[in-house]
Amino acid sequence: MDDGGCTGAVLITIRTVAETGSTNADLLALARDGAEDGLWLRAIRQTAGRGRLGREWQSPEGNLYASTLVRLRPTDPPAASLALVAAVALQETVSTFLVAGICQGTTDASATLVLKWPNDLLLADAKLSGILLERADDAVIVGYGVNIAHHPDLPDRLTTDLAAHGVVVDPAMFLDILADSFSRWIGRWRTEGIAPVRERWVDCAHSAGTALTARLPDGSGIDGLFVGLDTDGALILRLASGERRVIHAADVFLL
Ligand SMILES: O=C(O)CCCC[C@@H]1SC[C@@H]2NC(=O)N[C@@H]21
C-alpha cells in the first residue's frame, strides 16, 4: 500500500509475536509470499536471532527485535544505500529518547551517540544496536536489534544498553517512533535520492580523520583514517601510504 509514488511514504503495519526464531527469517518468508512495504514484525524474544557475518544475535526479552520490508522500485537509489537509511532512522529515534531522558534529568548528557559504518550505533563508544539487511529478489529485509534493557558481553567489542544510561523505554513504544522515522527517511531516499541520507549519516558519525580498522570478509585488515562516504554510501579510508581506499563490505572498529 503506498501513496501512488508522490512522497514514497508507505502505510505502516506492526505485528508483534511473543517468540520466533528470527524476525528477519520470518519477513523473508512473508516477502516471498507477497508482503508489502511498510510491514513490521516484532518479536518479544527470538530463539535464533541472527547478526551480521553469520553471527548469533542474543535475543532475551526486554530489547527490541524487529524487521521491516522494503520493496525495491526501478527508480530507487542503489539498494546498498538502504543500510544508511536504516542507520539514520535509528539514530534519530535513539536521540529522541536520549533527549527526553536528558530533559527529565535521568540521562547522562555527556554520553555521545555516534554512527559507525555501515550502520552501527555507538553510545559512549559501546555498541548499542545492530542492523541486518537481507535480500530476496526485489525485497530488502531490514532487521533491527536494539539493546534497550540489557546487552550481551562480547569478546571483541564494548556493548551497552539504553537502561544503563537512564533511558527506560518500552520496546513497543520505541518501535512506533522508529517505524515512523524509517518511513520518513525511506520517503526522502525515494524522492530526493541518497544525498540527504548520506549527509545526515556523516553529520551523525565520528569525525573525519578518526582512525578506523576495517576487517574485510577475507579476514584481512586495513587501517586508515575516515574520509567519508562515496556516492553509493561505501566507506572511504585514507591509508598511511596516502592511498584512498573505498570499502564496500567490512566489520569496522574505532582504533
Ligand atoms: O550483527 C549485527 O550488528 C546485526 C544484528 C541484527 C539483529 C536483528 S534482531 C531483529 C532481526 N532479526 C534477526 O534475526 N536479526 C535482526
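Residues numbered from 1 in each chain as written. Predicted model: local features only at pLDDT ≥ 70, side-chain atom pairs only at ≥ 80, totals over all residues. Heavy atoms only, no water.

The chain appears in an unreviewed UniProt entry as biotin--[biotin carboxyl-carrier protein] ligase from Sphingomonas aurantiaca. Within the UniProt record for the chain, the comment given under Catalytic activity (unreviewed entry) is "biotin + L-lysyl-[protein] + ATP = N(6)-biotinyl-L-lysyl-[protein] + AMP + diphosphate + H(+)". (UniProt positions renumbered as here; feature names shortened; annotations may be inferred.)

(A) Representation of the site of the ligand in the model. Close contacts around the ligand come from 19 residues, with Ser22, Gln46, Arg50, Arg52 and Lys127 the closest. Measuring from a nitrogen atom of the ligand, one finds a backbone N or O atom of Arg50 at 2.7 Å. Here an oxygen atom of the ligand sits 2.8 Å away from a polar atom, N or O, in the side chain of Lys127. In isolation the ligand has 410 Å² of accessible area, and contact with the protein removes 98% of it. (Near = heavy atom within 4 Å. Polar contact = N/O pair within 3.5 Å; in protein donor to acceptor, adjacent residues only side chain to side chain. Areas by Shrake-Rupley, 256 points an atom, 1.4 Å probe, with all protein chains shown as cover.)

(B) Structural view of the packing of aromatic side chains. Counted according to the given criterion, the structure contains five aromatic pairs. The interplanar angle of 85° and the centroid separation of 5.6 Å between the aromatic rings of Trp40 and Phe182 together place this pair among those described as edge-to-face. Here Phe182 lies in helix α3 (residues 171-192) and Trp40 lies in strand β2 (residues 39-46), a separation of 142 residues in the sequence. Of the two residues, Trp40 and Phe182, both sit in the buried class. What links up through ring pairs into an aromatic cluster is the set Trp40, Tyr144 and Phe182. (Phe/Tyr/Trp six-rings, centres within 6.5 Å; stacked < 30°, edge-to-face > 60°. Helix = DSSP H or I, 4+ residues; strand = E, 2+ residues; numbered from the N terminus. Buried < 20%, exposed > 50% of the residue type's maximum accessible area, 1.4 Å probe, protein only.)

(C) Representation of helix α4 (residues 195-204) in the model. What α4 keeps buried is the set Pro196, Val197, Trp201 and Cys204. Angular distribution of buried residues about the axis of α4 spans 135°; they occupy a single face of the element. Residues of α4 that are exposed and angled more than 90 degrees away from the buried face: Glu199 and Asp203. Each element contacted by the buried residues of α4 is listed here: α2 (82-104), β4 (113-116), α3 and β10 (221-229). (Arc of directions from axis to C-beta. Contact = heavy atoms within 4.5 Å.)

(D) Seen up close, the sheet that holds strand β3 (residues 64-71). Taken together, the five strands give an open sheet; going across it, the order is β1-β2-β3-β8-β7, and neighbouring strands pair in mixed fashion. Two strands lie at the open edges of the sheet, namely β1 (13-20) and β7 (129-136), each paired on one side alone. Averaged over all pairs of adjacent strands, the angle between their axes in this sheet comes to 20°, without regard to strand direction. Looking at chain direction, β2 and β3 are connected through four bridges and run antiparallel. Note on β3: the bridge partner recorded for Arg42 is Ala66. Across the sheet, helix α1 (residues 23-32) lies against β1, β2, β3, β7 and β8 (139-146), angled at about 25° from β3, the strand it touches most. (Pairing = 2+ DSSP bridges. Axes fitted to C-alpha atoms, helices over the stretch in contact; angles between N-to-C directions.)

(E) Focus on the sheet that holds strand β13 (residues 251-254). Taken in spatial order, the five strands of this open sheet run β12-β11-β10-β9-β13, and their pairing is antiparallel. Strands at the two margins of the open sheet, each flanked by one partner only, are β12 (244-247) and β13. Taking each pair of neighbouring strands and ignoring which way they run, the sheet shows an average axis angle of 45°. Taken together, the five bridges between strand β9 (residues 211-215) and β10 define a ladder with antiparallel strand orientation. Counted as the bridge partner of Ala211 is Leu225 from β10.

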